Amino acid sequence: KTQSARLRRDELREQVDIAEQDNSDLSRKAKTEELRAMMLREAFEQEQTRVGDSLGRAEVFLTDLVAATEDTRRVEVEEQSLARECVASLNELHAAQARDELVAEARLVQLRRELDVARSSLNRVQLRNHGPTGSDAIAVRATATYAKLEAER
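Values in this document were obtained by computation on a predicted structure and should not be read as measured data.

**Q** With reference to specific residues and values, describe the overall build of the chain.
**A** When helices and strands are tallied, the chain shows two helices and zero strands. Relative to the globule expectation of 15 Å for 153 residues, the C-alpha radius of gyration of the chain, 57 Å, shows a markedly less compact shape. Overall, the C-alpha framework of the chain stretches about 185 × 20 × 15 Å when taken along its three principal axes. By the burial criterion, 7% of the 153 residues in the chain qualify as buried. Taken together, the 25 basic and 30 acidic charged side chains of the chain have centroids lying 4 Å from each other.

**Q** Residues and numbers for the pattern of salt bridges, please.
**A** Counting across every chain of the model gives five salt bridges. Asp25 is the salt-bridge partner of Arg28, the closest N and O atoms lying 2.3 Å from each other. Of this pair, Arg28 and Asp25 both sit in helix H1 (residues 2-129), three residues apart, roughly one helical turn. When the shortest N-O distance is used, the salt bridge between Arg74 and Asp71 registers 2.8 Å. Placement of the pair is Arg74 and Asp71 together in helix H1, with a separation of three residues, close to one helical turn.

**Q** Break down a nonpolar patch on the surface for me, with residues and values.
**A** Nonpolar side chains collect at one region of the surface, where Phe61, Leu62, Leu65 and Val66 lie side by side and expose about 390 Å² of accessible area between them. Mapping Phe61 onto the fold places it in helix H1. For Phe61, a relative accessible area of 57% translates into the label exposed.

**Q** Account for a negative patch on the surface, naming residues and giving values.
**A** Together, Glu11, Glu14, Asp17 and Glu20 give the surface a local cluster of negative charge. Looking at where Asp17 falls in the secondary structure, it is placed in helix H1. For Asp17, a relative accessible area of 45% puts it in the partly exposed group.

**Q** Account for H1, naming residues and giving values.
**A** A rise of 1.5 Å per residue sets the reference length of H1, with its 128 residues, at 190 Å; its end C-alpha atoms lie 184 Å apart and thus fit the reference within 8%. All of the buried residues along H1 are Leu111, Leu115, Ala118, Leu122 and Val125.

Basis of the calculations
Residues numbered from 1 in each chain as written. Predicted model: local features only at pLDDT ≥ 70, side-chain atom pairs only at ≥ 80, totals over all residues. Heavy atoms only, no water. Helix = DSSP H or I, 4+ residues; strand = E, 2+ residues; numbered from the N terminus. Rg over C-alpha atoms; globule rule 2.2 N^0.38 Å. Buried < 20%, exposed > 50% of the residue type's maximum accessible area, 1.4 Å probe, protein only. Lys, Arg positive; Asp, Glu negative; His and termini not counted. Charge placed at Lys NZ, Arg CZ, Asp CG, Glu CD. Salt bridge = Lys/Arg side-chain N within 4 Å of Asp/Glu carboxyl O. Patch = residues over 30% accessible without salt bridge, like charges linked within 9 Å, V, L, I, M, F, W, Y side chains within 5 Å. Areas by Shrake-Rupley, 256 points an atom, 1.4 Å probe, with all protein chains shown as cover. Expected span 1.5 Å × (residues − 1).

Note that every value here comes from positions in space, so none of it alone points to a role or purpose.
Written out as structure tokens, the structure reads:
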């Protein structure tokens, strides 16, 4: 009986030693996992901070980009408006120039007709009188000179 009790005691002691060893191992593992969890939490928080900073910088960049794009679009609209105004002004200038050319051309034709009429009158008077005489010839020459001066203008 004693021996059986000793065997039983030794078995129990061995089981207790094994249990203590298991407890010690599990305790170390728990502390290691706790430390690992704490390190992961800190790394996550640091990464979260870095991501937040990066997102903040990206947001600022994007806001600047949107503002620059809007400014560019506004300038393009203004340029297009100015270009339309310039084209309209140029068209008005061309139209005015064309009108002025038509008026000048008509005036030139009129003055040439008057000159031709004056020359014709002068020739008729000279033929009638066989040469230039007095006041008729002077009047015709004055008319021709006036028409010539008007044509040169």
